[in-house]
Amino acid sequence: MSELEKIDKDYVLSSYARDYTNFVKGRGAKLYDENNQEYIDFASGIGVSSVGHANPKLSRAICEQASSLIHISNLQVIEPQAILAKRVVELSGYDMRCFFANSGAEANEAGLKIARKYGERNFDSKRYKVITLKHSFHGRTITTVKATGQKEMHKADFSPYPDGFAYVDSIDAIYEAIDDKCVAVMIELVQGEGGVEPFDKAEIQELAKFLRSKDLLLIVDEVQTGVYRTGKFLASNLYEIEPDIITLAKGLGGGVPIGVAMTRLKDIFQAGDHGSTFGGNYLSTRAGLTVLEILESEAQSEALTQRIELFSNYLDKISNSLPEYFTKSVGVGLMRGLRCVDSQIQSAILKEAFRQKLILLKAGRNTVRFLPPLTITKDEIDEGFKRFEKALALL
Ligand SMILES: *Cc1c(COP(=O)(O)O)cnc(C)c1O
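Because the structure is a prediction, the values reported are computed rather than measured. (Residues numbered from 1 in each chain as written. Predicted model: local features only at pLDDT ≥ 70, side-chain atom pairs only at ≥ 80, totals over all residues. Heavy atoms only, no water.)

Glancing now at the layout of surface pockets. The calculated volume of the second largest pocket comes to roughly 660 Å³. Lining the second largest pocket we find 29 residues, and of these Q81, C98, F99, F100 and F269 sit closest to its centre. Counting only elements with at least two residues in the lining of the second largest pocket, the list comes to α4 (79-92), β4 (97-101) and β12 (259-263). By residue class, the composition of the lining of the second largest pocket is 15 nonpolar, 10 polar and four charged. (1 Å grid on protein atoms, 1.4 Å probe; cavity = no way out; pocket = protein on both sides within 12 Å on 5 of 7 lines; lining within 4 Å. Points joined across faces, edges and corners; volume = space filled by probe spheres on them. Helix = DSSP H or I, 4+ residues; strand = E, 2+ residues; numbered from the N terminus. Nonpolar A, V, L, I, M, F, W, Y, C, P; charged D, E, K, R; others polar.)

Right, dumping it as structure tokens:
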């Protein structure tokens, strides 16, 4: 056991099944460990390092910001926060306002508070129930873990959980689950942790229309799908719907913690309704602005589209040629997966890929997940798949 592993195990609570390779630097989609071994990163720290590691433009902006002002408080106006809110709203194409938090769970928590207040104020009798889907993932706080529709995540160890959530198996089943206590439906358009599962566009559009006709809210959790991960700025743009509440986090700060809940209920909060000490501070919002600048130009120049095409071609080809391992290639944009025949194959692939110095993720019980940096180069994609094919040959 390395000295580092020993310190980690002695002093850090063991809530993760952790690998002990010690990465010391990164560049683009490459990571280097302490022995200077090079890895290709097809995971981006679970969809976070959207502009790659040590992106020069992002590091420069962060350093500059850190040397002038990192944090004051939300009792003062914060220039990059206001400007980031404006940029996020403009890029989304929706008429909304933003609340800034520090993580996906916190963004969802804010979204749920917005829905609760709407349910309290807008109906003759209080509505508070939020319907979510089986296989969804919405976070790890006591409330967002309860919002998560995977029953095995509602461990008795952490009970009691807050009331007000109901779970259904499919988009179709949402309609029947709506009762007079229901105020909102919360979904991911492409389920991430649940197994890279995109929903049908027409079904989602119909749901959005139905909810609007009943004055019920649609909350779209875009913590993983947002900020160009699907090729569009938001998955909601790809699905051509107008949600009431959208949450963002992972890719927005390029690694600096940030979360956003945005809503078309522009006047829902009054002073004192919600808050966050760190949320939207100078450092994280300056990072967010820089990430958006970088990714917007990637999207406009078609560079992102070309990467998505190349990546999909590799995955489709591999999936088709190895039916003994894979049932299909799934996902959209650079949020992709290979559905494996079973969970043993899934874990064998992840293990062998890592031995070949390729970092992948799992999703659900049988999906190998790919969330590369959105700025990944052609060479990095080619090299990553070379290693992936080698790993598959060695299974
Ligand atoms: C990762 C994720 C979250 C939780 O985000 P944290 O930053 O870990 O709190 C919530 N929803 C979705 C869809 C996610 O992928």
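Let's shift gears to empty space enclosed by the protein. Enumeration over the complete set of coordinates arrives at one cavity of 30 Å³ or more. Roughly 40 Å³ of internal volume is contained in the largest cavity. Lining of the largest cavity is provided by G47, S50, V223, Q224, G226, V227, R229, K250, G251 and L374. A per-class count over the lining of the largest cavity returns three nonpolar, five polar and two charged.

Time to look at the side chain of N237. Note on placement: N237 falls in helix α9 (residues 235-238). For N237, the side chain forms a polar contact with the main-chain oxygen of S92, separated by 2.9 Å. Residues within four places of N237 in sequence aside, it is in contact with L91, S92, Y94 and K232. (Polar contact = N/O pair within 3.5 Å; in protein donor to acceptor, adjacent residues only side chain to side chain. Contact = heavy atoms within 4.5 Å.)

So, on to the sheet that holds strand β15 (residues 358-359). Judged by pairing direction, the sheet is mixed, and its four strands sit side by side in the order β1-β2-β3-β15 without closing on themselves. The open sheet terminates on both sides in strands that have one partner only, identified here as β1 (23-27) and β15. As paired elements, strand β2 (residues 30-33) and strand β3 (residues 38-41) share three bridges and run antiparallel to each other. Across the sheet, the residue bridging to L31 is Y39, located in β3. (Pairing = 2+ DSSP bridges.)

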